[in-house]
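Residue-level listing of the chains:
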2 protein chains.
Amino acid sequence: MHASPTMSLHDALSNALGADRISADPTVAESHAADWSDAPRCAPSLVILPRTPAEIARALAVLTQYGQPVAVQGGLTGLAGAATPQAGEVALSLARLNAIEAFDTAGGTVTVQAGVVLEQLQTHVEAEGWFFPLDLGARGSCQLGGNAATNAGGNRVVRFGTMRERILGIEVALPDGTVLSMLNRVTKNTTGIDLKQLFIGSEGLLGVITRLVLKLEPKPAAAQTALCALGSFDAAARLLKTLRMRLPGLSSFELMWDDFMVAACEVARLKPPFATRYPIYALVETLGDADEDAQRALESALGDMIEGGVIDDVIIAQSIEQTKQLWAARESVGELLAATRPHAAFDVGVPMDEMERCVASLRARLLERFPEQRHLFFGHLGDGNLHVLTGPFADDAALLAVEVLVYEAVRDAGGCISAEHGIGVIKRPFIALTRSEPELDLMHKIKSMIDPASILNAGRVIP
Amino acid sequence: MHASPTMSLHDALSNALGADRISADPTVAESHAADWSDAPRCAPSLVILPRTPAEIARALAVLTQYGQPVAVQGGLTGLAGAATPQAGEVALSLARLNAIEAFDTAGGTVTVQAGVVLEQLQTHVEAEGWFFPLDLGARGSCQLGGNAATNAGGNRVVRFGTMRERILGIEVALPDGTVLSMLNRVTKNTTGIDLKQLFIGSEGLLGVITRLVLKLEPKPAAAQTALCALGSFDAAARLLKTLRMRLPGLSSFELMWDDFMVAACEVARLKPPFATRYPIYALVETLGDADEDAQRALESALGDMIEGGVIDDVIIAQSIEQTKQLWAARESVGELLAATRPHAAFDVGVPMDEMERCVASLRARLLERFPEQRHLFFGHLGDGNLHVLTGPFADDAALLAVEVLVYEAVRDAGGCISAEHGIGVIKRPFIALTRSEPELDLMHKIKSMIDPASILNAGRVIP
């Protein structure tokens, strides 16, 4: 498959990129040994730190020549372990490709290098009255190239879509050293196979994303936030449908079941939002104009829903402070995770018409099998994205049993085992539960065609 | 590449599908001889009319075995000639796969066969309070499979995206007779390479789309419409940005330059909308709630834009009748096309920050070279989608000269030669102007991998 070169890999990379782009320093290697996932730490034998897309392409050509597997690394905030090096791998870091290269302030598009940190872009464009709506907890560390490679989601997908919908153009370095430059800047482009889609969400299996053209939104003047207390999942679904119609500015619709709310208030020492408990809560955010019409439209829609018996109670934030309070329970996930170790944290997709049954059945089965543990349900209802946090567990066997239980339930509901975190190494044993043999075959064929030496993120995603 | 079977193709297809699925009737062949494009008519030697996805897969396996090229046909409304048979081809019609199979009325998703007509779906879901926002002139004939295969756009992309953003799941029959069933029903799914994206917008090169899972929107209670008179393109861009922020329900932002407005009013015998002429007009539509807040929000945003000097004049529709009047000029394109034969009609993408210069330069060069002809500019500004209608032309040489002039200008502006109509056969000679050699190479590799006998829509899209 590859030549047997006489020069060492280190020297070949140094020749191709310059010695200061390659580090064998154990401290540097250690800082590239893991992402945020539970995958086992493993320091890479070398760290490649290119400064340009062309350098990345040259590095990949050398790695292909040597048949040397590489872990592609963005901000190392992934939760599925795709960026954690495996034994024998080198690491390729995008951290030095961090320039915002162009900004169309009339049309609202921006061209960035893949290593730009999400929050850095958000701050940059807001200064010109624009807004990059993708938002997630890792915003201060995660990189846009990684967001693209994992098709990141977050809290605002219900209105603005996932990262895929933000990407107009892409540049990718391929394993053979080709740079595939597709830096399209228009929303509509139907000129042949839309190749960029192959690289979005495929977790670095096919190429290294080096540049992106991203679509912005006008910066909203204000956010409106409300927390709704609901008697049933059915009420939540009806509320969502009505708000999507009446409030086109609806940007978040976060669902929390009561078990989650109780645990969140306990762990984060929050006062429960309502005087009594309810089966389910919906956190609603709209983004748009700052005038009174926007506030009135929200109040009027929620008021009608109370009159119609869909909402049992509601708090509409009247200040920034109150907005923070309404988000506090939803944002205590980090503390909940820490307090529930060792845990299993799931990020699954479930069709809306199966959600209620799936959650009820999962809760019952988890409680039956693990009565001592905490089982918490929350999610982005607008996207069918359910998060389940369950633990602490006695041992790895118990954890595995929970994984099988949850993923099989999701499969039976016609869902998917990962909505937004990706497969990486962590969920690779389970991917065949919701992707068929012919699908996995075609993925393998595409992988072999583009990366015949299998250097890129080998051992991830596809079994 | 393929066997030399002793049985005739007709008999082999009849054996595989049943005799009533194959027609050699010249009248049937004639009705499958052309789509809406200017590609030369050519009757297929046989028409295959399957009733199930499995039958399509069996037909493709036979065609691959015989190395028999096939034109895949939906509603035959394409403008680029992808569905027009070429010499020696048979036709495969999706018309009999026209069932709406499932409808999640809680979550707003629908599973359809590929031959369902767009308008049939729209009517079906509106009865349950849902809305399928993709909309185009061919709605009464075009099929959803064709909409997917061409990634159809239309008037509402600024809010609802193209067909690609509507598609959650897809089922495809491959040339080797495999059915790749990926009928995902959740918005977020990051479980490996998103294979469905390969088939969306690739104009039938890689597989025959047999089923789709589509995402719906809640049915809007009302539409608000306004026509704005503007002094410059810059004013139009500023208006668009402001309205996108202040009116999240903004669903259309159609631009018409004055030359288009004058010609449209003349051809369709319309009264000019304003007492005086303006350089440019924006037709604005919002979809959402029916209450007074929605109307007031539109009035207030447009009022502020007049005060700020961005808009020179505006008409806000006060009735359904007036709404129709405001759309009349924009919807006279069919009459304009008929009155300008032989014409060239372009559907190009231009980045927003290049649009004004590109239109001005194109207009000047067209007028200089063809001073006797009509050159009309309009488009979906929110998507960077520019339509140019120019003619009538003396002969084919003049037409070709115009094509080269327009496509080179679009290339120089960093745009694309087709925003929403696709490449087909008509634009195939020009695709290399805005897709690079490495991109076309990768398209070829993917095509050869999935369709090694090159039976599917051969001679389309990729040179």
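Structure: see above.
Residues numbered from 1 in each chain as written. Chains lettered and ligands numbered in written order. Predicted model: local features only at pLDDT ≥ 70, side-chain atom pairs only at ≥ 80, totals over all residues. Heavy atoms only, no water.

A word on the pattern of salt bridges
Residues and elements named next belong to chain B. One pass over the structure, following the stated rule, counts 50 salt bridges over all chains. When the shortest N-O distance is used, the salt bridge between R21 and D20 registers 2.8 Å. Look at R21 and you get buried, because its relative accessible area is 13%. Between R156 and E285 there is a salt bridge whose closest N-O contact spans 3.3 Å. Within this pair, whereas R156 is found in the loop between α5 (144-149) and α6 (157-160), its partner E285 is found in strand β14 (residues 280-288), the two being separated by 129 residues in sequence. (Salt bridge = Lys/Arg side-chain N within 4 Å of Asp/Glu carboxyl O. Buried < 20%, exposed > 50% of the residue type's maximum accessible area, 1.4 Å probe, protein only. Helix = DSSP H or I, 4+ residues; strand = E, 2+ residues; numbered from the N terminus.)

Focus: the packing of aromatic side chains
All names here are of chain A. Taken as a whole, this structure holds 20 aromatic pairs over all chains when the rule is applied. Relative to W257, the ring of F233 lies with its centre 6.3 Å away and its plane at 5°, an arrangement referred to as stacked. Of this pair, F233 sits in helix α9 (residues 233-246) while W257 sits in strand β13 (residues 250-257), and the two are 24 residues apart along the sequence. Note on accessibility: F233 and W257 belong to one class, buried. Grouping aromatic residues by their ring pairs yields a cluster made of F233, W257 and F377. (Phe/Tyr/Trp six-rings, centres within 6.5 Å; stacked < 30°, edge-to-face > 60°.)

A word on the sheet that holds strand β3 (residues 70-73) of chain A
All names here are of chain A. A sheet is described by the order of its strands in space; here 4 strands give the open sequence β1-β2-β4-β3, paired in mixed fashion. In this open sheet, the two strands that pair with only one neighbour each are β1 (22-23) and β3. Sheet analysis places β3 next to strand β4 (residues 90-93), joined by 4 bridges and oriented parallel. Within β4, the residue paired with V72 across the bridge is L92. (Pairing = 2+ DSSP bridges.)

Observations regarding the pairing of strand β14 (residues 280-288) of chain A
Residue and element names in this part refer to chain A. Among the 9 residues in β14, 9 count as buried, and that is most of the element. Here β14 shows a buried face lined by I280, A282, V284, T286 and G288 and a second buried face lined by Y281, L283, E285 and L287. As defined by bridge partners, strand β12 (residues 222-230) adjoins β14 across 9 bridges and the pair is classed as antiparallel. For Q224, the partnering residue across the bridge sits in β14 and is T286.

Quick look at the state of the cysteines
All told, the structure shown has 0 disulfides over all chains when counted by the stated rule. No disulfide involves C416 of chain A; its nearest neighbouring cysteine sulfur is the one of C358 of chain A, lying 11 Å away. (Disulfide = S-S within 2.5 Å.)

A look at helix α10 (residues 258-267) of chain A
Where α10 of chain A is concerned, the buried positions are D258, F260, M261, A263, A264 and C265 of chain A. As for α10 of chain A, its buried residues are in contact with β12, β13, β14, α13 (333-339) and β17 (374-380) of chain A. (Contact = heavy atoms within 4.5 Å.)

In short, shape yes, function no, at least from these values alone.
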